[in-house]
Amino acid sequence: MLPVVALVGRPNVGKSTLFNRLTKTRDALVADFPGLTRDRRYGQASYNENNFIVVDTGGIDGTEEGIEIEMAEQSLLAIDEADVVLFLVDARAGLTVADEAIADHLRKKDKPTFLVANKVDGIDGDSFSAEFYSLALGEVHQIAAAHGRGVAALLDRALVPV
Ligand code: GDP
Ligand code: MG
């Protein structure tokens, strides 16, 4: 049984972009419109001789804050079947109420969780990532899924000791 890595986060943080990079496919829909990918999607990935399953999660981006939170929580269903959770936030957009709602759920789960600030390309990653420490999920791992920056370093941490 291969380890399962779930990509969790509110719509538009870059989950499908990271999924595609990890699985080297364009299988998941990457939406310029937030939340187009509505279903969980599975792909196989391999890094440094570690084979693993990646789960992309979607959601509908509601215009009301409450709806966005509810839909973001849908993606939490993938947590239960995962061995490792990568919780993505958007470093450019900053901390949102939906991020806090997801973090509240994750802190109650006994799953290895890595907090990942995506989209640090072209910005000062350290400054933009600082506020996510308030989510109390430990270190904030900076990546740019669209370009690959930080992804190998993240996997070095997240795939040990699966
Ligand atoms: P999802 O809703 O979480 O699956 O997010 P998507 O993967 O569909 O990405 C949402 C938007 O963010 C798209 O327009 C992506 O091109 C953009 N995006 C994803 N990763 C990055 C990144 O590393 N840097 C930048 N600047 N944009 C990104
Ligand atoms: Mg998506």
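The preceding data block contains the structure.
Residues numbered from 1 in each chain as written. Chains lettered and ligands numbered in written order. Predicted model: local features only at pLDDT ≥ 70, side-chain atom pairs only at ≥ 80, totals over all residues.

1. A few points about helix H1 (residues 15–23)
Among the nine residues in H1, seven count as buried, and that is most of the element. Buried within H1 are the following residues: Lys15, Ser16, Thr17, Leu18, Phe19, Asn20 and Leu22. Of the surrounding secondary structure, the elements contacted by the buried residues of H1 are strand E1 (4–8), strand E2 (41–47), strand E3 (50–56) and strand E4 (84–90). (Buried ≥ 20, exposed ≤ 12 C-beta atoms within 10 Å, placed from the backbone. Helix = DSSP H or I, 4+ residues; strand = E, 2+ residues; numbered from the N terminus. Contact = placed C-beta atoms within 7 Å.)

2. Remarks on the nonpolar core
Val5, Ala6, Leu7, Val8, Leu86, Phe87 and Leu88 are the most contacted members of the largest nonpolar core, which totals 33 residues. Broken down by secondary-structure element, the contributors of at least two residues to this core are E1, H1, E3, E4, helix H3 (97–108), strand E5 (113–118) and helix H5 (151–158). With five residues, the top contributor of residues to this core is E4. Setting aside anything within four residues of it in sequence, one finds Val5 in contact with Phe52, Ile53, Val54, Val55, Ala82, Val84, Leu86 and Ala158. (Core = buried A, V, L, I, M, F, W, Y, C linked by C-beta atoms within 7 Å.)

3. Remarks on the pairing of E2
Looking at chain direction, E2 and E3 are connected through seven bridges and run antiparallel. Bridged to Ser46 within E3 is Asn51. Hairpin remark: E2 followed by E3, antiparallel, with two residues in the connecting loop; positive phi at Asn48, about 45°. (Pairing = 2+ DSSP bridges.)

4. A closer look at the sheet that holds E4
The strand order E2-E3-E1-E4-E5-E6 describes an open sheet built from six strands, whose pairing is mixed. Whereas interior strands pair on both sides, the edge strands pair on one side only; in this sheet they are E2 and strand E6 (140–142). The sheet shows a mean angle of 30° between the axes of neighbouring strands, direction not considered. Taken together, the six bridges between E4 and E5 define a ladder with parallel strand orientation. Within E5, the position partnered with Phe87 by the bridge is Leu115. Packed on one face of the sheet, H5 meets E1, E2, E4, E5 and E6 and runs near 175° to E5. (Axes fitted to C-alpha atoms, helices over the stretch in contact; angles between N-to-C directions.)

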